[in-house]
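# Understanding the architecture of this molecule
The primary structure of each chain is shown beneath.
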Amino acid sequence: MELDKGADQPSPIEFRLDPTSGVPTYLQLVQQVEQALRMGWLAEGDQLPRVREVVAGLAINPNTVLKAYRELEHRGLAVGRRGQGTFVRGLPAGVVPLRERAALRRGLLDWMRSARTAGLDEGGMVAVFEDALRDLREGRDGVVA
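First, a word on scope: everything that follows refers to the structure included in this document. (Residues numbered from 1 in each chain as written. Predicted model: local features only at pLDDT ≥ 70, side-chain atom pairs only at ≥ 80, totals over all residues. Heavy atoms only, no water.)

## Overview of the packing of aromatic side chains
This structure, assessed with the given rule, holds zero aromatic pairs. Here Lys67 stacks its cationic end above the ring of Tyr26, 4.2 Å away from the centre of that ring. Positioned over the ring face of Phe87 is Arg81, at 3.9 Å from the centre of the ring. (Phe/Tyr/Trp six-rings, centres within 6.5 Å; stacked < 30°, edge-to-face > 60°. Lys NZ or Arg CZ within 6 Å of the ring centre and 35° of its normal.)

Structure, rendered in C-alpha coordinates:
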(Lines give C-alpha, C1' and ligand atoms only; values in the text may rest on other atoms or scores of the structure.)
Protein backbone atom coordinates (compact mmCIF):
# COMPACT_ATOMS: atom_id res chain seq x y z
CA MET A 1 0.00 0.00 0.00
CA GLU A 2 1.51 3.30 -1.09
CA LEU A 3 0.79 6.24 1.17
CA ASP A 4 3.16 8.85 -0.19
CA LYS A 5 1.41 12.12 -0.96
CA GLY A 6 4.68 13.94 -0.95
CA ALA A 7 6.77 14.68 2.08
CA ASP A 8 7.03 18.39 1.29
CA GLN A 9 3.31 19.17 1.38
CA PRO A 10 2.05 21.04 4.44
CA SER A 11 -0.03 19.05 6.89
CA PRO A 12 -3.78 19.68 6.85
CA ILE A 13 -3.88 19.68 10.66
CA GLU A 14 -2.64 22.24 13.17
CA PHE A 15 -2.43 21.19 16.81
CA ARG A 16 -3.76 23.23 19.71
CA LEU A 17 -3.35 22.57 23.42
CA ASP A 18 -5.70 23.13 26.34
CA PRO A 19 -3.54 23.40 29.47
CA THR A 20 -6.65 23.37 31.67
CA SER A 21 -8.07 20.08 30.34
CA GLY A 22 -6.13 17.76 32.64
CA VAL A 23 -5.37 15.55 29.60
CA PRO A 24 -1.65 14.88 29.06
CA THR A 25 -0.21 16.86 26.16
CA TYR A 26 0.70 13.82 24.07
CA LEU A 27 -2.87 12.46 24.42
CA GLN A 28 -4.31 15.80 23.32
CA LEU A 29 -2.28 15.45 20.11
CA VAL A 30 -3.47 11.85 19.63
CA GLN A 31 -7.09 12.85 20.25
CA GLN A 32 -6.85 15.70 17.75
CA VAL A 33 -5.55 13.37 15.05
CA GLU A 34 -8.32 10.86 15.78
CA GLN A 35 -10.93 13.64 15.68
CA ALA A 36 -9.54 14.96 12.38
CA LEU A 37 -9.73 11.44 10.92
CA ARG A 38 -13.31 10.95 12.12
CA MET A 39 -14.36 14.30 10.66
CA GLY A 40 -12.62 13.70 7.34
CA TRP A 41 -10.15 16.55 7.80
CA LEU A 42 -7.30 14.04 7.54
CA ALA A 43 -7.22 11.10 5.16
CA GLU A 44 -5.03 8.10 4.57
CA GLY A 45 -1.68 9.25 3.21
CA ASP A 46 -1.82 12.76 4.67
CA GLN A 47 1.32 13.91 6.42
CA LEU A 48 1.15 14.91 10.06
CA PRO A 49 3.07 18.03 11.06
CA ARG A 50 6.77 17.43 11.45
CA VAL A 51 8.00 17.11 15.03
CA ARG A 52 10.08 20.28 14.81
CA GLU A 53 7.04 22.25 13.53
CA VAL A 54 4.87 21.06 16.43
CA VAL A 55 7.64 21.81 18.93
CA ALA A 56 8.09 25.32 17.54
CA GLY A 57 4.37 26.03 17.31
CA LEU A 58 3.39 24.75 20.74
CA ALA A 59 6.62 25.23 22.70
CA ILE A 60 6.65 21.63 23.92
CA ASN A 61 9.33 18.97 24.27
CA PRO A 62 10.09 16.96 21.12
CA ASN A 63 9.73 13.75 23.15
CA THR A 64 6.08 14.65 23.79
CA VAL A 65 5.38 14.81 20.06
CA LEU A 66 7.34 11.62 19.45
CA LYS A 67 5.32 9.89 22.18
CA ALA A 68 2.06 11.00 20.52
CA TYR A 69 3.22 9.79 17.11
CA ARG A 70 4.35 6.45 18.58
CA GLU A 71 0.90 6.07 20.17
CA LEU A 72 -0.73 6.77 16.80
CA GLU A 73 1.52 4.13 15.23
CA HIS A 74 0.62 1.68 18.01
CA ARG A 75 -3.08 2.29 17.27
CA GLY A 76 -2.45 1.62 13.57
CA LEU A 77 -3.33 5.16 12.56
CA ALA A 78 0.09 6.44 11.48
CA VAL A 79 3.37 5.30 10.07
CA GLY A 80 6.71 7.05 10.38
CA ARG A 81 9.17 7.17 7.50
CA ARG A 82 12.73 8.06 8.39
CA GLY A 83 13.66 11.41 6.91
CA GLN A 84 10.18 12.06 5.49
CA GLY A 85 7.85 12.38 8.45
CA THR A 86 4.78 10.69 9.85
CA PHE A 87 1.82 9.83 7.65
CA VAL A 88 -1.77 8.71 8.25
CA ARG A 89 -1.97 4.96 7.69
CA GLY A 90 -5.50 4.05 8.73
CA LEU A 91 -8.76 5.22 10.21
CA PRO A 92 -10.05 4.71 13.76
CA ALA A 93 -13.03 2.45 14.37
CA GLY A 94 -16.38 4.13 14.04
CA VAL A 95 -15.61 6.37 11.07
CA VAL A 96 -18.84 7.02 9.17
CA PRO A 97 -18.88 8.04 5.49
CA LEU A 98 -19.36 11.75 4.80
CA ARG A 99 -22.97 11.51 3.58
CA GLU A 100 -24.14 9.64 6.68
CA ARG A 101 -22.08 11.89 8.96
CA ALA A 102 -23.65 14.99 7.38
CA ALA A 103 -27.17 13.62 7.94
CA LEU A 104 -26.35 12.78 11.56
CA ARG A 105 -24.91 16.26 12.07
CA ARG A 106 -28.06 17.89 10.68
CA GLY A 107 -30.19 15.83 13.06
CA LEU A 108 -27.97 16.80 15.98
CA LEU A 109 -28.17 20.48 15.03
CA ASP A 110 -31.98 20.19 14.94
CA TRP A 111 -31.89 18.66 18.43
CA MET A 112 -29.58 21.43 19.67
CA ARG A 113 -31.90 24.12 18.34
CA SER A 114 -34.81 22.43 20.14
CA ALA A 115 -32.77 22.19 23.32
CA ARG A 116 -31.85 25.88 23.10
CA THR A 117 -35.52 26.79 22.54
CA ALA A 118 -36.39 24.71 25.62
CA GLY A 119 -33.94 26.83 27.64
CA LEU A 120 -30.81 24.67 27.77
CA ASP A 121 -27.47 26.41 27.52
CA GLU A 122 -24.36 24.69 26.14
CA GLY A 123 -23.53 23.07 29.48
CA GLY A 124 -27.07 21.74 29.79
CA MET A 125 -26.93 20.29 26.28
CA VAL A 126 -23.64 18.59 27.02
CA ALA A 127 -25.07 17.14 30.24
CA VAL A 128 -28.12 15.71 28.44
CA PHE A 129 -25.98 14.35 25.61
CA GLU A 130 -23.47 12.71 27.98
CA ASP A 131 -26.29 11.23 30.05
CA ALA A 132 -27.95 9.77 26.94
CA LEU A 133 -24.60 8.46 25.68
CA ARG A 134 -24.02 6.75 29.03
CA ASP A 135 -27.50 5.15 28.83
CA LEU A 136 -26.75 3.92 25.32
CA ARG A 137 -23.36 2.53 26.36
CA GLU A 138 -24.91 0.73 29.34
CA GLY A 139 -27.87 -0.62 27.35
CA ARG A 140 -30.53 1.36 29.19
CA ASP A 141 -33.49 2.91 27.41
CA GLY A 142 -32.91 6.27 29.09
CA VAL A 143 -36.57 6.81 29.99
CA VAL A 144 -36.87 8.69 33.27
CA ALA A 145 -39.92 7.76 35.36
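## A look at helix H3 (residues 62–74)
For H3, spanning 13 residues, the distance from its first C-alpha to its last is 18 Å, which sits close to the expected 18 Å at 1.5 Å a residue. Regarding H3, the residues found buried are Val65, Ala68, Tyr69 and Leu72. For H3, the arc enclosing every buried residue in end-on projection is 95 degrees, short of the 170-degree limit, so these residues lie on one face. Turned more than 90 degrees off the buried face of H3, the exposed positions are Asn63, Arg70 and His74. Contacts made by the buried residues of H3 are with helix H1 (25–39), helix H2 (51–58), strand E1 (78–81) and strand E2 (85–88). Its side-chain oxygen at 2.7 Å from the backbone nitrogen of Asn63, Asn61 defines the N-terminal cap of H3. Trailing H3 by a residue or two, Gly76 shows a phi angle of about 80 degrees, which is positive. (Helix = DSSP H or I, 4+ residues; strand = E, 2+ residues; numbered from the N terminus. Expected span 1.5 Å × (residues − 1). Buried < 20%, exposed > 50% of the residue type's maximum accessible area, 1.4 Å probe, protein only. Arc of directions from axis to C-beta. Contact = heavy atoms within 4.5 Å. Polar contact = N/O pair within 3.5 Å; in protein donor to acceptor, adjacent residues only side chain to side chain.)

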